[in-house]
Amino acid sequence: MAEEQSASKKPAVIRIKLEWCKGCEICVAFCPKKVLVMEGGKAKVENPGDCIKCMLCELRCPDFAITVE
Amino acid sequence: MFNYLEYIREKNFPHIWCAGCGDGIVLKAILRAIEKSGISLDETVMVSGIGCSSRTPGYVDMNTLHTTHGRAIPFATGVKHGNPKLNVIVITGDGDATAIGGNHLIHAARRNIDITVLLYNNYIYGMTGGQCSPTTPTGSRAATAPFGNIEPPFNTSGLAIAAGASFVARADVYNVANCEKMIAMALAKKGFSLVEILTPCPTAFGRRNKMASPVKLMEWLRDNAVPAAKWKKMTEEERRGRMETGVLMDVDKPEYTAEYEKLVTSLRTGK
Ligand code: SF4
Ligand code: SF4
Ligand code: SF4
């Protein structure tokens with residue numbers, strides 16, 4: 001089990017459900033840290049170490065396809 | 001991470017909406033707002049009419065009703081009247097609620113019945129092929145306005161306020177945190193509440209209006225949907241073509257089902 005107090009310092013785990021991603025690019029375009037890119041018409045995690053867990057990609061994905069932990 | 005899977009009918013996913021359609025963004029905001037409000041799903045009913053946004057009830061794991069074009073509010077009125085304890089949420093669009101269902105909208109607001117109307121305004125009839133709706137901006141192109149719309153649009157929130165709604169807010173899916181907050185406030189309100197949610201339709205509206213990509217439409221919302229605090233400082237000139245977001249009306253007044261209950265009690269007891 002994860003320890004609660006260190007949760008925010010842990011590196012982000014970003015998951016993309018490719019079967020649900022429709023490649024709208026919204027997550028890629030508005031990520032403030034350029035963590036995500038497009039590849040083959042789907043979103044892809046490129047620089048997970050830069051993620052600040054702002055959650056904007058998860059909040060704005062219309063397809064329930066990207067999650068950040 | 002929010003566990004959406006608890007609230008959706010996963011077997012119906014991926015959903016039917018186009019790539020970059022805002023309807024999915026609104027749906028997620030609704031689910032978070034429901035969780036935040038702590039309302040019981042067993043005592044919540046989601047009612048929709050016809051249109052792209054009206055497909056929403058098919059994706060949520062609660063009591064749902066997908067009705068006829070423009071008539072979500074009458075069905076919702078019946079549900080609420082039958083069992084006033086239920087939380088009744090109407091999902092509708094600009095075409096569904098302000099054209100064919102326009103009269104139902106204004107009279108439910110006037111009556112102040114305790115239902116929450118979430119009106120997705122994407123400025124167009126998406127499902128039927130991009131015809132002008134009553135909210136299509138002047139000058140915008142639609143299948144029925146290939147040279148640009150010559151009609152002025154409804155200010156939908158203004159219409160609901162004028163008709164007597166007790167809570168009216170406007171939100172957009174770019175400012176998604178505010179969208180969730182406005183929905184949560186509307187759910188909590190006792191009385192008729194409406195949230196007009198500005199949301200992109202890249203397929204039927206964007207493509208005809210030089211904003212074919214979902215990102216372009218989101219940028220348009222970012223640049224044109226203005227939070228109330230900033231709106232207050234803007235000049236008339238700066239406001240032109242832009243939309244104020246946030247709470248636009250919030251008053252307490254007698255609610256219809258409560259008044260009805262009072263009447264029944266007084267007739268029964270003779271007091
Ligand atoms: S959480 Fe924020 S920083 Fe991290 S990938 Fe998503 S949008 Fe980018
Ligand atoms: S926002 Fe969602 S659907 Fe769009 S590209 Fe990103 S993961 Fe895919
Ligand atoms: S037509 Fe427009 S509103 Fe309908 S699903 Fe496609 S993008 Fe969404």
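J.: What is the right way to read the site of ligand 3 from this model?
T.: Taken together, the neighbourhood of ligand 3 is formed by Trp 17, Cys 18, Cys 21, Cys 52, Asn 122, Gly 126, Cys 201, Pro 202 and Thr 203 of chain B. Broken down by class, the residue content of the shell around ligand 3 amounts to six nonpolar, three polar and no charged.

J.: Teacher, can you tell me more about helix α2 (residues 72–82) of chain B here?
T.: Think of an α-helix as 3.6 residues a turn; residues three or four steps apart then line up on the same face. All names here are of chain B. All buried positions along α2 are accounted for by Ala 72, Ile 73, Ala 76, Thr 77, Val 79 and Lys 80. Along α2, the residues classed as buried sweep out an arc of 165° about the axis, all on the same side. Taken together, the buried residues of α2 touch β1 (44–48), β2 (63–66), β3 (87–93), α4 (102–111), β4 (116–121) and α11 (256–269).

J.: Would you mind showing me how to read the environment of Pro 134 of chain B here?
T.: Residue and element names in this part refer to chain B. Take Pro 134: it is sitting in the loop between β6 (131–132) and α5 (156–163). Between the C-alpha atom of Pro 134 and that of Ile 124, which follows or precedes it by 10 residues, the distance is 8.2 Å. If we skip the residues at most four places from it in the chain, Pro 134 touches Asp 94, Thr 98, Ala 99, Pro 153 and Phe 154.

J.: Would you take a moment to explain unusual backbone geometry for this structure?
T.: Most peptide bonds adopt trans geometry, and most residues besides glycine take a negative phi value. Phe 13 of chain B connects to Pro 14 of chain B through a cis peptide bond whose omega is -5°. With respect to the element layout, Pro 14 of chain B can be found in the segment before α1 (23–37). With a phi angle near 75°, Glu 25 of chain A is a residue other than glycine that sits in the positive phi range. In this structure, Glu 25 of chain A sits in the loop between β1 (14–16) and α1 (26–30). A residue is classified by how much of its surface remains accessible, and Glu 25 of chain A, at 39% relative accessible area, is partly exposed.

J.: When you look at the interface of chain B and chain A in this model, what are you seeing that I'm missing?
T.: By a widespread convention, an interface's size corresponds to the accessible area lost as its parts come together. If you look at the interface, chain B gives 29 residues, while chain A gives 20 residues. A per-residue breakdown of the area chain B buries against chain A is headed by Met 1, Lys 28 and Val 215 of chain B, which together make up 29% of the total. If you look at where chain B meets chain A, you find zero salt bridges. Linking chain B with chain A are nine residue pairs in polar contact (both at pLDDT 80 or more), by the criterion used here. Contributing elements (two or more residues each) for the side of chain B that touches chain A: α1 and α8 (214–224) of chain B. Here the side of chain B that touches chain A gets six residues from one element, more than from any other, and that element is α1 of chain B. Considered class by class, the residues forming the side of chain B that touches chain A number 21 nonpolar, three polar and five charged.

Basis of the calculations
- Residues numbered from 1 in each chain as written.
- Chains lettered and ligands numbered in written order.
- Predicted model: local features only at pLDDT ≥ 70, side-chain atom pairs only at ≥ 80, totals over all residues.
- Heavy atoms only, no water.
- Near = heavy atom within 4 Å.
- Nonpolar A, V, L, I, M, F, W, Y, C, P; charged D, E, K, R; others polar.
- Buried < 20%, exposed > 50% of the residue type's maximum accessible area, 1.4 Å probe, protein only.
- Helix = DSSP H or I, 4+ residues; strand = E, 2+ residues; numbered from the N terminus.
- Arc of directions from axis to C-beta.
- Contact = heavy atoms within 4.5 Å.
- Buried area = accessible area lost by both parts, 1.4 Å probe.
- Salt bridge = Lys/Arg side-chain N within 4 Å of Asp/Glu carboxyl O.
- Polar contact = N/O pair within 3.5 Å; in protein donor to acceptor, adjacent residues only side chain to side chain.

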